[in-house]
Amino acid sequence: MTRLVYQQAFIPSPDSARAIREQIRQVLQNLGAAEQTVRPMELAVSEWIMNLATHSRPYVQNASISLQRADGQWLFAVNDDGGEFVGFNDVPQLPDDPLQASGRGLYLLHQACPNVAYLPGNARNKHNQLILPISELVQDKPRILLVDDDPSQVALLSAYLARQYAVHTCCSGQQALDRLHNETFDLVISDIDMPDMGGIELRERLLGNPSLDTLPFIFVSGSEQVREPHVVSELAIDDFLRKPVRHEQLHAVVSRVLERSAQMRLRLSDYFDKQLTACLHPQLPDNGRWMQAQVWSRAATAGGGDLIQYVEQPQQELVIFADLMGHGASAKFAAHLVGGYVRGLLAASPDQPSPAALMSRLSAALYHDKLLAHTLMTLFIVRFCSAHHIDLVNAGQPRPWWFDGERWKQLNLGGSLPGMQANAAYSQCRIPLAPGQFVLLCSDGVWEVGSSAQERAYNEKVLMQLISNNRHPDRLLAKIKAWYQQVCPLGGRDDTTIVLLGQRG
């Protein structure tokens, strides 16, 4: 299955390399990628764009980059209409002369992404293509920020924790504070005596920030200062470990602190989460003027952000199906805000916009609005305006399925995430939908079941076979529900929503 989540056209230049580098960092971080995944992709993509700008002959007139998931593998693809890079796949060596620029970019690209592949254009496909595979995009491990100015201590603690946790490092309290203002972490482990800003000041600054004051915090230090009872009470730390730290001791403390934090969050948010989930539970009327619908949804254990809206207008019915990237109450609030945006756009429109026009307007609103500028989502917009067909736009959601009356086919319909460009243009697809024909739409929660890449790939193949072999669409949702509850009895990390659309008989 192929899923497109990001696409951008560009002309190679230093400015486009810088802009695209910023965009892919935002996309990867919101998809849950670890920093050790983001940085190599940033480097590889920007180096390739600069190579296209500097060395391609003839010059590149049109180029594009996309992020997609194909056959369980996430990858970037860069296409261009310039000249072929002869000998690209011969792994280059770093030039001996540090002032020699030629070859340095390709060397860095191969170092950042060893599995890179280059496909020159041919008679069938005139565009050259660079493929940058990402071995593992989704990072399910708890994120720990380790703050210490001693490189050997950082290396030791990182090695202790790397198997079970996603470890990110800083060498001072100020660096840690900057990252905590822009990224999300589950735990901070900090030294005390550091240049620029020490651990105690870092903790005091976090306690003064309402959005960070409850973040779990552990000191690891040789200092005895924070072991004094009044200091421990004032700093509200979760634990203190004296250097040198033993492997078993560190794991026991980290595990206990994270477990206690999770229990407290669940208890404090349980009532609120249930109420908000009930308000935003994806649902559609069983029947509209032309539409008939079935919906099955399961909220993630810690929240999620799937949203469905049904809008009836004089000449059309619209179904808006959004998946807000993120987890927990924040994603639900974002879903609520996006729902309000959609209602406002439709109310303010003097016309009845097509799905493509509505998607472009929503994308522009997300791009320019300060509140939602950092919100990433995937989106379907479906229009019923006839008893014979529907119009559909896909912006980053998994590819839809169509039942032609005899068998299911997966449609090659995708598009870039909304909000990534100021003036994004979308195209819509007209799909035949006579009585007995159906369209199946799924959020990515149903395709991302499993604790490892191999397990998720296997479950994806099983689900695709389940859909492909089905000949009774009215029973399909029940079969998918039974399968999902079998392989994921406790629920997943993301909302799961499935929508089956047909024509009203």
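Everything numeric in this text was worked out from a predicted model, so none of it was measured. (Residues numbered from 1 in each chain as written. Predicted model: local features only at pLDDT ≥ 70, side-chain atom pairs only at ≥ 80, totals over all residues. Heavy atoms only, no water.)

(A) Structural view of the environment of Ala395. With respect to the element layout, Ala395 can be found in strand E15 (residues 389-395). Since its relative accessible area comes to 0%, Ala395 is described here as buried. A sequence separation of 15 residues divides Ala395 from Phe380, and the C-alpha atoms of the two residues are 6.3 Å apart. (Helix = DSSP H or I, 4+ residues; strand = E, 2+ residues; numbered from the N terminus. Buried < 20%, exposed > 50% of the residue type's maximum accessible area, 1.4 Å probe, protein only.)

(B) Summary view of the sheet that holds strand E9 (residues 217-221). If you walk across this open sheet you meet the five strands as E7-E6-E8-E9-E10, and the pairing is parallel. A strand with exactly one partner marks an edge of an open sheet, and here the two such strands are strand E7 (166-170) and strand E10 (239-242). The sheet shows a mean angle of 20 degrees between the axes of neighbouring strands, taken without regard to direction. Relative to strand E8 (residues 187-190), strand E6 (residues 143-147) runs parallel, the two sharing four bridges. Across the sheet, residue Val147 finds its bridge partner in E8, namely Ser190. Of the strands in this sheet, E6, E8 and E9 touch helix H6 (residues 199-207), which is tilted by about 175 degrees from E9. (Pairing = 2+ DSSP bridges. Axes fitted to C-alpha atoms, helices over the stretch in contact; angles between N-to-C directions. Contact = heavy atoms within 4.5 Å.)

(C) Structural detail: the packing of aromatic side chains. On inspection of all chains with the given rule, the structure shows nine aromatic pairs. With a centroid separation of 5.9 Å and 45 degrees between ring planes, the pair formed by Phe321 and Phe380 is classed as tilted. One end of the pair, Phe321, is in strand E13 (residues 316-324); the other, Phe380, is in strand E14 (residues 377-384), and 59 residues separate them in sequence. Aromatic side chains Phe403 and Trp408 sit 5.2 Å apart centroid to centroid with 50 degrees between the ring planes, which places their arrangement in the tilted category. Each member of the pair Phe403 and Trp408 is classed as buried. Ring-pair connections join several aromatic residues into one group, and the members of that group are Trp48, Phe85, Phe88 and Tyr118. (Phe/Tyr/Trp six-rings, centres within 6.5 Å; stacked < 30°, edge-to-face > 60°.)

(D) Here's a closer look at the pattern of salt bridges. Under the definition given, this model contains 18 salt bridges. Among the ionic pairs, Asp15 bridges to Arg18, the shortest N-O distance being 2.5 Å. Here Asp15 pairs with Arg18, and both are found in helix H1 (residues 14-30), just three residues apart, close to one helical turn. Arg69 is the partner of Glu448 in a salt bridge, and the nearest nitrogen-oxygen pair spans 3.6 Å. Residue Glu448 is located in the loop between strand E19 (438-442) and helix H11 (453-468), and its partner Arg69 is located in strand E2 (residues 63-70); the two are separated by 379 residues in the primary sequence. The class for Glu448 is partly exposed, based on a relative accessible area of 22%. Linked through salt bridges whose partners overlap, the residues forming this network are Arg69, Glu448, Arg456 and Glu460. (Salt bridge = Lys/Arg side-chain N within 4 Å of Asp/Glu carboxyl O.)

(E) Just the pairing of E6, in detail. The element E6 is largely enclosed, with a buried count of five among its five residues. Where burial is concerned, the two faces of E6 agree: the one with Arg143, Leu145 and Val147 and the one with Ile144 and Leu146 are both buried. Where E6 lies against E7, five bridges are found, and the strand directions are parallel. Each residue of the ladder has a partner; that of Val147, found in E7, is Cys170. In this region the chain leaves E6, passes through helix H4 (residues 151-161) and returns to the parallel neighbour E7; the handedness of that crossover is right-handed. (Right-handed = clockwise from strand over helix to strand, strands pointing away.)

(F) A look at the sheet that holds strand E4 (residues 117-119). Reading across the sheet, the five strands line up as E1-E2-E3-E5-E4 and stay open at both edges, with antiparallel pairing between neighbours. Looking at the sheet topology across the chains shown, the edges are occupied by strand E1 (2-10) and E4. When strand polarity is set aside, the average angle formed by the axes of neighbouring strands in this sheet is 20 degrees. The pairing of E4 with strand E5 (residues 128-134) spans three bridges and is classified as antiparallel. Bridge assignment links Leu119 to a residue of E5, and that residue is Gln129.

(G) Seen up close, the confidence of the model for the protein. When pLDDT is averaged along the protein, the result is 83; 84% of the residues meet or exceed 70. Here residues 94-102 is a poorly scored stretch, pLDDT under 50, and it has eight contacts once near neighbours within four places are set aside; other chains count. (pLDDT = per-residue confidence, 0-100.)

(H) Structural detail: the packing of H11 against helix H12 (residues 476-487). Two elements in contact, H11 and H12, have axes separated by 10 Å at closest approach and are oriented at 160 degrees. By the angle class used here, H11 and H12 are roughly antiparallel. In the packing of H11 onto H12, the handedness of the crossing is right-handed. Taken together, the residues of H12 that come into contact with H11 (itself represented by Asn459, Val462, Leu463, Leu466 and Ile467) are Leu476, Lys479, Ile480, Trp483 and Val487. Residues that form the contact of H11 with H12 fall into these classes: eight nonpolar, one polar and one charged. (Parallel < 35°, antiparallel > 145°, perpendicular 65-115°, else oblique. Left-handed = near helix turned anticlockwise from the far one by under 90°. Nonpolar A, V, L, I, M, F, W, Y, C, P; charged D, E, K, R; others polar.)

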